[in-house]
Amino acid sequence: MAMHALTGFSLVSLLGFGYLSWDWTKPSLVADGPGEVSEQPSAAPPQPPHIIFILTDDQGYHDVGYHGSDIETPTLDRLAAEGVKLENYYIQPICTPSRSQLLTGRYQIHTGLQHSIIRPRQPNCLPLDQVTLPQKLQEAGYSTHMVGKWHLGFYRKECLPTRRGFDTFLGSLTGNVDYYTYDNCDGPGVCGFDLHEGESVAWGLSGQYSTLLYAQRASHILASHSPRRPLFLYVAFQAVHTPLQSPREYLYRYRTMGNVARRKYAAMVTCMDEAVRNITWALKRYGFYNNSIIIFSSDNGGQTFSGGSNWPLRGRKGTYWEGGVRGLGFVHSPLLKRKRRTSRALVHITDWYPTLVGLAGGTASAADGLDGYDVWPAISEGRASPRTEILHNIDPLYNHARHGSLEGGFGIWNTAVQAAIRVGEWKLLTGDPGYGDWIPPQTLAAFPGSWWNLERMASARQAVWLFNISADPYEREDLAGQRPDVVRALLARLAYYNRTAIPVRYPAENPRAHPDFNGGAWGPWASDEEEEGEEEEGRARGFPRGRRKKKWRSLRSSLLCPGNKAPW
């Protein structure tokens, strides 16, 4: 489902042939490949397919068997080998942004969630005026169920999963909890229980390891549902996010792994792999499999300080280097027309919204304001992807780079601002993209150790990077100095996207969110009367706690004017 499309050219060919007089401030008119791109959703099977979307948390790009990992993932390896591996697939660098873009089909700049994550005490959530993916699937006759981590806000009941399109929900509302006790602390003394069934606190389920609990619930949903009615099952595992906890039997098989963090992490990944096996088995046992589509995706890059590995990619979770935004992904389905292959088609997490709505027989038109595309023909048939570019993000609140300026951006863009964009084969980063290290798997017991500094990039005095990602996926050769023409073109694209951005929503924390005021559990705290004031403040504010309100025009000017400092 494309907002902009023109067939027959790619950005690389336009740049290569010198078409730099093109107005890059206008919507993209470029398509990927020689075929014509249809604006119509994919043709759905005669009976709408059952859709199972499995999202893992903080799983590194290297941390799956078919990427050469030392971690055992036989289920994921088999499902990927029999389906379509997505090897040009992009997600966001942290939790909330990936989840928001999955469920809305929109970039962060179009939901106001372009800065950081939604924190437990913030009066903030996925904007209530957005029609979510499960809501669209409900309109198409689907039964919708969610199991696992929400992390899209919960300060009022209208923000909860069961109010945003899911018929049932079992999981946590915050970003990370203990895998057994489901306790979550948002600072010293600010701790509460976070496991919910529907809109009630699930005290009685405490003590069960979350990965196994969520797989059991998914299997129960399948056992109690008729395969004659289309099903959307969203399983958002907490695994393999910290804290590093695993049942002992999974730890034992990695007992020879010297690095303790890596050992625990590996055990968690293998446990998750077996949970996916159990869900797949339930699909077959209860009659869903032959008309099902299984999508597997990570939510961001691995956290290298907590056992994860994105090797050989650069960077880690929380950065806009490839190690932070290139995702693990595959599609497994009997409905695929071309199976057992690897796809290099460009795909972004926003694309699942129009793709799945189209498969369900629903409609997601350009009028819906989506940033995603229907990529099912590219995945199933091997056709060219309609997507030619990805706005990774523009974050006006992140620390501004000391060496960035409007002058450094040719008067087009303030390069002090954190932003990243991929167009064709080119990727541009400005501002501070995050730690730009190449970090090998943590196999040594003394990791990180003195050898950590071998490839650290701690003192780069620059604010613009350009890479040909197709030729240099590890981002080792910066071409910004050699190709100022490409830099200018991509800076113009950033300026265009920024003009479409809405105000940042990042309100101050509310003390009433403390679990002590909610019986010891995290949950909604705002009344309808309070909501109006906090909604207005959140839209106008967009700043970390303790800052005074500022208008969006001041944020907008900070992107285009040099000398402005970051708000924290």
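Quantities reported herein were computed from a predicted structural model and do not represent experimental measurements.

Draft legend 1. Looking closely at the overall build of the chain. In terms of helices and strands, the chain carries 13 helices and 18 strands. Summarising the internal contacts of the chain: among those between residues at least 6 apart in sequence, 75% fall at separations of at least 24. For the chain, the computed accessible surface area is about 21,000 Å², with 51% contributed by carbon and sulfur atoms.

Draft legend 2. Inspection of the state of the cysteines at higher detail. By the definition in use, this model includes two disulfides. The disulfide bridge from Cys125 ends at Cys159, spanning 2.3 Å between sulfur atoms. Where Cys125 bonds to Cys159 through sulfur, the torsion about that S-S bond is close to -60°, and the disulfide is left-handed. With Cys125 in the loop between helix H3 (95-104) and helix H4 (133-139) and Cys159 in the loop between strand E4 (143-149) and strand E5 (168-172), this residue pair connects regions lying 34 residues apart in the sequence. Just as Cys125 is buried, Cys159 falls in that class too. Here Cys185 pairs with Cys191 through a disulfide, and the sulfurs are 1.9 Å apart.

Draft legend 3. Fine view of the sheet that holds strand E16 (residues 418-423). Taken in spatial order, the four strands line up as E15-E16-E17-E18 in an open sheet, and their pairing is antiparallel. Of all strands in the sheet, those bounded by a partner on one side alone are strand E15 (389-395) and strand E18 (464-468). This sheet shows a mean twist of 10° between the axes of neighbouring strands, independent of strand direction. Note: E16 against strand E17 (residues 426-430), five bridges, orientation antiparallel. What sits directly across from Ala420, in E17, is Leu429.

Draft legend 4. Looking closely at the pairing of strand E10 (residues 231-236). Judged by how many residues are buried, E10 sits mostly within the fold: six of six residues are covered. Residues Leu231, Leu233 and Val235 line one face of E10 and the alternating positions Phe232, Tyr234 and Ala236 line the opposite face, and both faces are buried. The sheet contact formed by E4 and E10 spans six bridges and is parallel. From the neighbouring strand, Val147 faces E10, where its bridge partner is Val235.

Draft legend 5. Spotlight on the sheet that holds strand E11 (residues 292-298). Read across the open sheet, the 10 strands follow the order E9-E8-E5-E4-E10-E1-E11-E12-E2-E13; overall the sheet is mixed. The open sheet is flanked by strand E9 (200-201) and strand E13 (341-343), the only strands paired with a single partner. The sheet contact formed by E4 and E5 spans five bridges and is parallel. Across the sheet, residue His145 finds its bridge partner in E5, namely Thr168.

Draft legend 6. Representation of the packing of helix H2 (residues 74-82) against helix H7 (residues 260-285) in the model. Axis separation between H2 and H7 bottoms out at 7 Å; the angle between their running directions is 55°. Considering their axes alone, H2 and H7 lie oblique with respect to each other. Of the residues in H7, those touching H2 at Pro74, Thr75, Leu76, Arg78 and Leu79 are Met272, Asp273, Val276, Arg277, Thr280 and Lys284. Tallied by class, residues from the contact of H2 with H7 come to five nonpolar, two polar and four charged.

Draft legend 7. Region of the structure containing the side chain of Gln114. Mapped onto the elements of the fold, Gln114 is located in the loop between H3 and H4. Residue classification places Gln114 among the buried residues on the basis of a relative accessible area of 2%. A distance of 3.2 Å separates the side chain of Gln114 from the backbone oxygen of Ile502, its partner in a polar contact.

Draft legend 8. View of helix H11 (residues 484-499). For H11, built from 16 residues, the straight-helix expectation of 22 Å at 1.5 Å per residue is met to within 8% by its first-to-last C-alpha distance of 23 Å. Across the 16 residues that make up H11, a large majority, 12, are buried. Buried within H11 we find Val486, Val487, Ala489, Leu490, Leu491, Ala492, Arg493, Leu494, Ala495, Tyr496, Tyr497 and Asn498.

Draft legend 9. Structural view of the packing of aromatic side chains. Under the counting rule described, the total for this entry stands at 16 aromatic pairs. With a centroid separation of 5.6 Å and an interplanar angle of 80°, the aromatic rings of Trp321 and Trp465 are classed as edge-to-face. One end of the pair, Trp321, is in the loop between E11 and helix H8 (322-325); the other, Trp465, is in strand E18, with 144 residues separating them in the sequence. Both residues of the pair, Trp321 and Trp465, count as buried. Grouped by ring-pair contacts, the aromatic residues Phe53, Tyr89, Phe166, Phe232, Tyr234 and Trp352 constitute a single cluster. Across the ring face of Tyr252, the terminal group of Arg255 is positioned such that the distance to the ring centre comes to 4.0 Å. The ring of Trp321 has Arg314 sitting right over it, with the charged end atom 3.9 Å from the ring centre.

Draft legend 10. A look at the nonpolar core. Ile54, Leu195, Leu233, Phe237 and Met272 are the most contacted members of the largest nonpolar core, which has 53 residues in total. Elements represented by at least two residues in this core include exactly strand E1 (50-56), H2, helix H5 (210-223), E10, H7 and E11. Element by element, the count of residues in this core is highest for H7, at 12 residues. Leaving out residues up to four positions away in the same chain, Ile54 has contacts with Val235, Phe237, Val276, Ile294, Ile295, Phe296 and Ser297.

Draft legend 11. Local environment of the pattern of salt bridges. Counted under the stated rule, the structure contains 23 salt bridges. Across the pair Lys136 and Glu139 runs a salt bridge, and its minimum N-O distance is 3.8 Å. Taken together, the positions of Lys136 and Glu139, both in helix H4 and three residues apart, correspond to about one turn of that helix. The buried category is assigned to Lys136, whose relative accessible area is 12%. On the basis of relative accessible area, Glu139 is assigned to the exposed category, the value being 60%. A salt bridge links Glu475 to Lys427; its shortest N-O distance comes to 2.9 Å. Of this pair, Glu475 sits in the loop between E18 and H11 while Lys427 sits in strand E17, placing them 48 residues apart in sequence. Like Lys427, Glu475 is buried. A single network of salt bridges, built from pairs that share partners, joins Asp57, Arg99, Lys149 and Asp299.

Draft legend 12. Spotlight on the confidence of the model for the chain. Across the chain, the average pLDDT comes to 86, with 81% of residues at or above 70. Below pLDDT 50 for its whole length, residues 538-568 participates in 76 contacts with residues either more than four positions away or in separate chains.

Draft legend 13. Representation of the side chain of His115 within the structure. Here His115 shows up in the loop between H3 and H4. Side chain to side chain, His115 and Asp395 meet in a polar contact 2.9 Å long.

What counts and what doesn't
Residues numbered from 1 in each chain as written. Predicted model: local features only at pLDDT ≥ 70, side-chain atom pairs only at ≥ 80, totals over all residues. Heavy atoms only, no water. Helix = DSSP H or I, 4+ residues; strand = E, 2+ residues; numbered from the N terminus. Contact = heavy atoms within 4.5 Å. Areas by Shrake-Rupley, 256 points an atom, 1.4 Å probe, with all protein chains shown as cover. Disulfide = S-S within 2.5 Å. Buried < 20%, exposed > 50% of the residue type's maximum accessible area, 1.4 Å probe, protein only. Pairing = 2+ DSSP bridges. Axes fitted to C-alpha atoms, helices over the stretch in contact; angles between N-to-C directions. Parallel < 35°, antiparallel > 145°, perpendicular 65-115°, else oblique. Nonpolar A, V, L, I, M, F, W, Y, C, P; charged D, E, K, R; others polar. Polar contact = N/O pair within 3.5 Å; in protein donor to acceptor, adjacent residues only side chain to side chain. Expected span 1.5 Å × (residues − 1). Phe/Tyr/Trp six-rings, centres within 6.5 Å; stacked < 30°, edge-to-face > 60°. Lys NZ or Arg CZ within 6 Å of the ring centre and 35° of its normal. Core = buried A, V, L, I, M, F, W, Y, C linked by side-chain atoms within 4.5 Å. Salt bridge = Lys/Arg side-chain N within 4 Å of Asp/Glu carboxyl O. pLDDT = per-residue confidence, 0-100.

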